[in-house]
Amino acid sequence: MRTLITNGTVVNADGSTQADVLVDKETIAAVGRGLAGLDLAAGVERTIDATGKYVIPGAIDVHTHMELPFGGTFAKDTFETGTRAAAFGGTTTIIDFAVQSKGKSLREGLDAWHAKAEGNATTDYGFHMIMSDVNEATLAEMDTLVAEGVTDFKLFTAYPGVFYSDDGAIFRAMQQTARNGGTILMHAENGMAIDVVAEQLVAAGKTDPYYHGVARYPIFEGEATNRVIRLAEAAGVPVYIVHLSARDALEEVRAARDRGSMAYAETCPQYLFLSLEDMGGGFNGAKFVCSPPLRPADHQADLWRGLVKDDLQVVSTDHCPFDFHDQKQLGVGDFRKVPNGLPGVEDRVDLMHDGGVVGGHLTKERWVEVVSAAPARLFGLAGVKGVVAAGADADLVVYDPARKHKISAKSHHMNVDYSIYEGRSVTGGSDVVLSRGRVIVENGEWKGERGWGRFLRRKTAREYLT
Ligand SMILES: [Zn+2]
């Protein structure tokens, strides 16, 4: 199958140009002007007119949790429904977190995630590995996983008793990763201190979801961020801070980068567009319970500045949807029992276009960089995903920068009963979405297929990080 996308503005992280894009089977064969008239384009079966539109590399969301078990329930999107919703929003690759449960091997966790995804995902996907136990056996397994294309490992300074690792365990995993070429991902909040405050709040009768946001002080995120970056410096390993939400943490990342540390960080749309005030309104605030929590609104300007100055390299979603009408109800009377997580995989590209490009914070090239190119570079997919160039996978989005629409649970495709952005108007939307050369979304209609998505064996990213 050969497809020609004509007359669009091709937007890459390093520049934009008026050009046609020729797709041959699953890859991009050529990018250039006037391709239609050339021999090269012989045998084109389908032409897509992109006049007035952008042609961007399919976006990459490196932080999703499909079917994550949490607090006695499961995140509702499967690899089928989650990747489908992602594709409607212009995201054609996800990197999801496989989970090692306490006492089990990394292999068992990874196999379980392969089983969830294979035959179900509608777009390509990769895995990070969450480590709950660090011991001789799991340390040895890390090297095997890197060789299989699962090249990074996430550890937590939060959630004591569940995912929490102490500093010694974190440091050992970092040393191992420094040797095997992978990257360490950190959920950086001081979980021990948070639990103290949370217990005091509940004892004082402050049990509403709002107090989830109060208990997790920004300074607890700043402290843990500094600590894990310092440990990573000592181990000589790249470290990537997931879902950075607070100015306090950003300051630590910036300081580390200024001293030449291999420190990287992502933020998420919820921290740029929502705030602690959204967690008010009684139990309705449970819709917004995630960790780290939404912050006071004055943190937002700092995060935008972090994206502009590249102290934040990536915007991902931490997509982890739980229905409000049953799952979130587990936390009635005690905010500590609300399942942590928000839906978002479908909305990221449009929100970042609307708030970032239309809002005047980001150029359209920087927008493409934070949602697609930088994730590819930092997570071992450079040259394959995240770029519109000959030889790359034909994951492409014909994007209408002028289309206005309203975000709503009534029209979204995520398998969850509410939207955290309900009623918000955004400018920009994906018209046509291709995954490896195949049109999977066209003008709001689903044309994709369950099981089309393939597992991505990622390279180590070390060469791009140093
Ligand atoms: Zn997460």
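Further up the page is the structure itself.
Residues numbered from 1 in each chain as written. Predicted model: local features only at pLDDT ≥ 70, side-chain atom pairs only at ≥ 80, totals over all residues. Heavy atoms only, no water.

K.L.:
Please set out the coordination of the zinc ion residue by residue, giving values where relevant.
P.N.:
With distances of 2.0 to 2.2 Å, the protein atoms coordinating the zinc ion are His63 (NE2), His65 (NE2) and Asp318 (OD). Spacing between the donor residues of the zinc ion along the chain follows H-x1-H-x252-D. (Donors = N, O, S within 2.8 Å, 3.2 Å for Na, K, Ca; no water.)

K.L.:
Tell me what's going on with the pairing of strand 16 (residues 396-406), and back it up with residues and numbers.
P.N.:
Of the strand pairs in this sheet, strand 5 (residues 54-57) and strand 16 are connected by four bridges, and their pairing is antiparallel. By the bridge assignment, Tyr54 is partnered in strand 16 with Tyr399. Sheet topology places strand 16 next to strand 17 (residues 425-435); eight bridges connect them, and they run antiparallel. Counterpart to Val397 in the pairing with strand 17 is Val433. (Pairing = 2+ DSSP bridges. Helix = DSSP H or I, 4+ residues; strand = E, 2+ residues; numbered from the N terminus.)

K.L.:
Which residues make up the pairing of strand 6 (residues 59-64), and what values go with them?
P.N.:
Among the six residues that make up strand 6, six are buried, leaving the element largely enclosed by the rest of the structure. Sheet topology note: the strand 6/strand 9 (residues 91-99) ladder contains four bridges and is parallel. For Ala59, the partnering residue across the bridge sits in strand 9 and is Thr91. (Buried < 20%, exposed > 50% of the residue type's maximum accessible area, 1.4 Å probe, protein only.)

K.L.:
Before we move on, can you summarise the side chain of Arg216 with the specific residues and values?
P.N.:
Within the element layout of this structure, Arg216 appears in the loop between helix 6 (210-215) and helix 7 (218-235). The exposure class assigned to Arg216 is buried, which follows from its relative accessible area of 8%. Only 2.8 Å separates the side chain of Arg216 from the side chain of Glu189, close enough to count as a polar contact. Here Arg216 is in contact with Ala158, Tyr159, Glu189, Ile194, Ser291, Pro293 and Arg295, once residues within four sequence places are set aside. (Polar contact = N/O pair within 3.5 Å; in protein donor to acceptor, adjacent residues only side chain to side chain. Contact = heavy atoms within 4.5 Å.)

K.L.:
Go over the packing of helix 4 (residues 167-180) against helix 7, please, and point to the residues and values.
P.N.:
The contact between helix 4 and helix 7 brings their axes to 9 Å, and the two run at 40°. Put simply, helix 4 runs oblique to helix 7. Crossing handedness for the pair helix 4 and helix 7: right-handed. Here Asp167, Ile170, Phe171, Met174, Gln175 and Ala178 of helix 4 come into contact with helix 7, specifically with Arg227, Val228, Leu231, Ala232, Ala234 and Ala235. Looking at the contact of helix 4 with helix 7, its residues break down into nine nonpolar, one polar and two charged. (Axes fitted to C-alpha atoms, helices over the stretch in contact; angles between N-to-C directions. Parallel < 35°, antiparallel > 145°, perpendicular 65-115°, else oblique. Left-handed = near helix turned anticlockwise from the far one by under 90°. Nonpolar A, V, L, I, M, F, W, Y, C, P; charged D, E, K, R; others polar.)

K.L.:
Quick rundown of the layout of surface pockets? Include the residues and the values.
P.N.:
Of the voids in this model, the largest pocket is the one considered here, and its volume is about 520 Å³. Put simply, the parts of the chain that give the lining of the largest pocket at least two residues each are strand 7 (69-70), helix 5 (191-203) and helix 6. Grouping the constituent residues of the lining of the largest pocket by class yields 14 nonpolar, seven polar and five charged. Each pocket or cavity is described by its volume, and for the second largest pocket that value is around 320 Å³. Surrounding the second largest pocket, 18 residues form its lining, Phe88, Glu346, Arg403, His405 and His413 being those nearest its centre. (1 Å grid on protein atoms, 1.4 Å probe; cavity = no way out; pocket = protein on both sides within 12 Å on 5 of 7 lines; lining within 4 Å. Points joined across faces, edges and corners; volume = space filled by probe spheres on them.)

No statement about biological role is implied by the geometric values presented.
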